[in-house]
Each structure stands twice: as structure tokens, then as C-alpha cells.
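A closer look at the structure
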Amino acid sequence: MQIGGFDMKRPVMLAPMEEVSDRSFRKICKRFGADVVYTEFISAEALRRQVDKSFRKMEFDPDEAPVVVQIFGNSEDAMAEAAAIAADVRPAWIDINFGCPAKKVAGKGAGAALLKEPEKMAAITAAVVKAVPVPVTVKTRLGWDRESINILDIIPRLEDAGIQALAIHGRTRSEMYRGVADWDWIARVKERATVPVIANGDIWCAADAREMYRHTGADAIMIGRGAIGNPFIFRQTKELLDHGRISSQPDFHDRIEVAIEHLRLSVHYKGERYGTLEMRRHYATYLKGLPKVSKVRDKLVREDSWQQVIEILRAYEEECEGYEREGKIRDYAEFLNDHSKRLVLR
Ligand SMILES: Cc1cc2nc3c(=O)[nH]c(=O)nc-3n(C[C@H](O)[C@H](O)[C@H](O)COP(=O)(O)O)c2cc1C
């Protein structure tokens, strides 16, 4: 599939995720094989007002590329201006967020709220396309709620506005993150669209990723929550797609090693205090399913010193060696299957 100068075969992308898809996590996902990584969404108004924190969200190193900058907002002017600012960092392309269901975004007429205003959605898109020399894509949902699914009507409008691809999360705004993403609907989106379709929603393991391709016929897939604490999913997905098998499962050593690497990168980019604080939400996912994990997690989320965090993780790794000898470590793949079974078996 082609977006601008990027020609990719069955690409696997890291989804934009607020407070997750930052520079440190993007680097790790990239290292494990993500073909394209997205930034967290960035407020158009904040870029316009030159808010430092928002500018930092757009920073990336050449080794992360291709990086996509995602912006959100509710007016043509603000979005066009923000897109021009974002284009200066030379992203692979700019993505417009028309899918965020959160009150702080949709409540202000941006994100998924624009699904209720297809004309405005198209006008914002056209304004952004006109404002930048890089390709523009859109990420959205199926509609506002099940009763008003309007994505098939929206697609030609966005195509006319000049998008070069469409990322579709197979849920409505009202569904938030509940239930199961509707892959049948993603398949219908793919049938209707003339631009490449990036399929998103409930890919929890490599088998899901392959199934997403098969079920929807999409041109690309995008992984969000399934990558949190499990960046290995990119390597495994690439292996499964390219060679039909997965060479290895990460064990607790690998998972703790990556958690530590993630922490070091986080401290490197955000400084000791924030870098350590912001990692707190990640430990549970890196360690999920390991024995007696709640005790160590409680310790980790109270610790302010990153060096101490590493010590706690190393001590826990040793503890896990003991559990392993006693045969108490459950296969990580089983945990992922617990999440994904509903999809793979349906
Ligand atoms: C913590 C979190 C933050 C998110 N932030 C964004 C965001 O900034 N922009 C966006 O388009 N979607 C955002 N999403 C939605 C994801 O990109 C993705 O569409 C959704 O999680 C479904 O995919 P998944 O099942 O692979 O997670 C976020 C999701 C989560 C869980």
C-alpha cells in the first residue's frame, strides 16, 4: 500500500495513544518491528498557542521514522494552522483524529463528535490537506452510535477532501472501548474505500493480526492496547505474516528487560521525575500474569527513584527464577489468548 512516498507491504502500525505512544514507547515498538508509529494526539489549539508540551510530543529521532503526527481540533483554521506547524517536523504524514470519544475532546466538538457533522469533518480535512505538503490521513470510528453508523457516507467525502488513507477503529463513539471491535464493519469500509484502509481494534496477538488482514482485506493494520506491555507483538506479527510461524515467545527475562529499557528511555527523554512517574502505568502490563505480581506492582508505583525501580525489577526477576523452577510461571501466550480467543474463534 502506498501513502505519499511510502510504499509498504502489509504494514503493522503502532496506534496513536495518549500518554502511551511517546518517544520512548515508539522507539521500543520500532525496534520490535513496527513499520509506522504514530504520536499521541496533539491539540491543534495548543500547537497554535505554542504550548511547549505539545511541541515536545512531536519530537522524534530519525531512527523512529516513519513517524505520523496526529492532531485534533474542531475548526478549519486551527487545524490548518496546526497541520502546517506539524509539517515542519517532517512527519511521514499527518493524521487527523476524528475518533476520540473522550469528553474532553468530543465534548468540545472535536474527535468523534465530528462524526455527527460529516460536512464539517470534510471541510476540516480539506483545509488540512491544503495547508501541508505531506500526505494527510484520517483516523475515525464507524459512527456516533450503533443507530447512526455513517462511515460509508463519510468515506467519499473524506476521499474528495484529499485523504490518502483511512484508519478505522471498528467501534462507534458510544461503545467507547466496550465490547468487541466489529471487524465485519471494517471489511465493509474496505470494500467502499478507494484509498488504503488501516484496520484497527482488538488485535491482541499475532494471530489476531493475521486474522484482521484475512477478515477485512485491509491494506494495513494498527495495534494499540495489544502493544502496551507487549511490544513483542510487532516482531511476532511480522514473523507470522512473513513466514507463517512465530520463532519465540518472550519470557519473564525479556519482559523485565524491556520494561527497564522503557524506563531508561522515559527518564532520558522526560527527565528523572516525570520519566519515572509516567512509567508507573506500564509496569502492570509488562508483568501481567506473573506470580505474586500485585505485591511488586504496589512497590513499583510508590517508588520515585528510577534506580530503585530497576533494583525492584531485578529482585523480582530473581524471584521469578524461583517460581520458574517450581513450575509456577504460566505461558505468556496463554494470557494473550485469554484476550483474543473471542476474536480468533468466532
Ligand atoms: C490509553 C489510550 C490512549 C489513546 N489515545 C488515542 C489518541 O491519542 N489518538 C487516537 O486516534 N486514538 C487513541 N486511542 C485509540 C487507539 O488508537 C485505538 O484506536 C483503540 O485503542 C483501538 O485499538 P486497540 O484495540 O488495538 O487498542 C487511545 C487508546 C488508548 C487505550
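Predicted model, so just to flag it, every value in this text is computed and none were measured.

1. Here's the deal with the pattern of salt bridges
- Taken as a whole and assessed by the stated rule, the structure comprises 26 salt bridges.
- Of the charged contacts in the structure, one is a salt bridge between arginine 26 and glutamate 64, with a shortest N-O distance of 2.7 Å. Of this pair, arginine 26 sits in helix α1 (residues 23–31) while glutamate 64 is found in the loop between α3 (52–57) and β5 (67–72), placing the two residues 38 residues apart along the sequence. Each of the two residues, arginine 26 as well as glutamate 64, counts as buried.
- For aspartate 304, the salt bridge is made with arginine 280, and the minimal N-O distance between the two is 2.9 Å.

2. As for the domain arrangement of the chain
- For the chain, the assigned domains are domain 1 (2–241) and domain 2 (252–325).
- Between domain 1 and domain 2, the C-alpha centre-to-centre distance is 29 Å.
- Every contact between the two is made by 15 residues of domain 1 and, on the other side, 13 residues of domain 2.
- Counting each side, the surface lost to burial between domain 1 and domain 2 is near 1300 Å², with a carbon and sulfur contribution of 61%.

3. Quick notes on the site of the ligand
- Close contacts around the ligand come from 16 residues, with Glu18, Gln70, Asn200, Asp202 and Arg225 the closest.
- Separating an oxygen atom of the ligand from a backbone N or O atom of proline 16 is a distance of 2.8 Å.
- Between an oxygen atom of the ligand and a side-chain N or O atom of asparagine 97, the distance comes to 3.1 Å.
- Considering the ligand on its own, with 600 Å² of exposed area, one finds that the protein chains cover 88% of that surface.
- Grouping the constituent residues of the shell around the ligand by class yields 6 nonpolar, 6 polar and 4 charged.

4. Notes on the UniProt feature "domain: DUS-like FMN-binding" (unreviewed entry) in the chain
- Per the UniProt record, "domain: DUS-like FMN-binding" (unreviewed entry) is annotated on residues 13–303.
- Taken end to end, residues 13–303 comprises 47% helix and 14% strand; its first and last C-alpha atoms sit 32 Å apart.

How each quantity is defined
- Residues numbered from 1 in each chain as written.
- Predicted model: local features only at pLDDT ≥ 70, side-chain atom pairs only at ≥ 80, totals over all residues.
- Heavy atoms only, no water.
- Salt bridge = Lys/Arg side-chain N within 4 Å of Asp/Glu carboxyl O.
- Helix = DSSP H or I, 4+ residues; strand = E, 2+ residues; numbered from the N terminus.
- Buried < 20%, exposed > 50% of the residue type's maximum accessible area, 1.4 Å probe, protein only.
- Domains from an automatic or database assignment.
- Contact = heavy atoms within 4.5 Å.
- Buried area = accessible area lost by both parts, 1.4 Å probe.
- Near = heavy atom within 4 Å.
- Polar contact = N/O pair within 3.5 Å; in protein donor to acceptor, adjacent residues only side chain to side chain.
- Areas by Shrake-Rupley, 256 points an atom, 1.4 Å probe, with all protein chains shown as cover.
- Nonpolar A, V, L, I, M, F, W, Y, C, P; charged D, E, K, R; others polar.
- UniProt positions renumbered as here; feature names shortened; annotations may be inferred.

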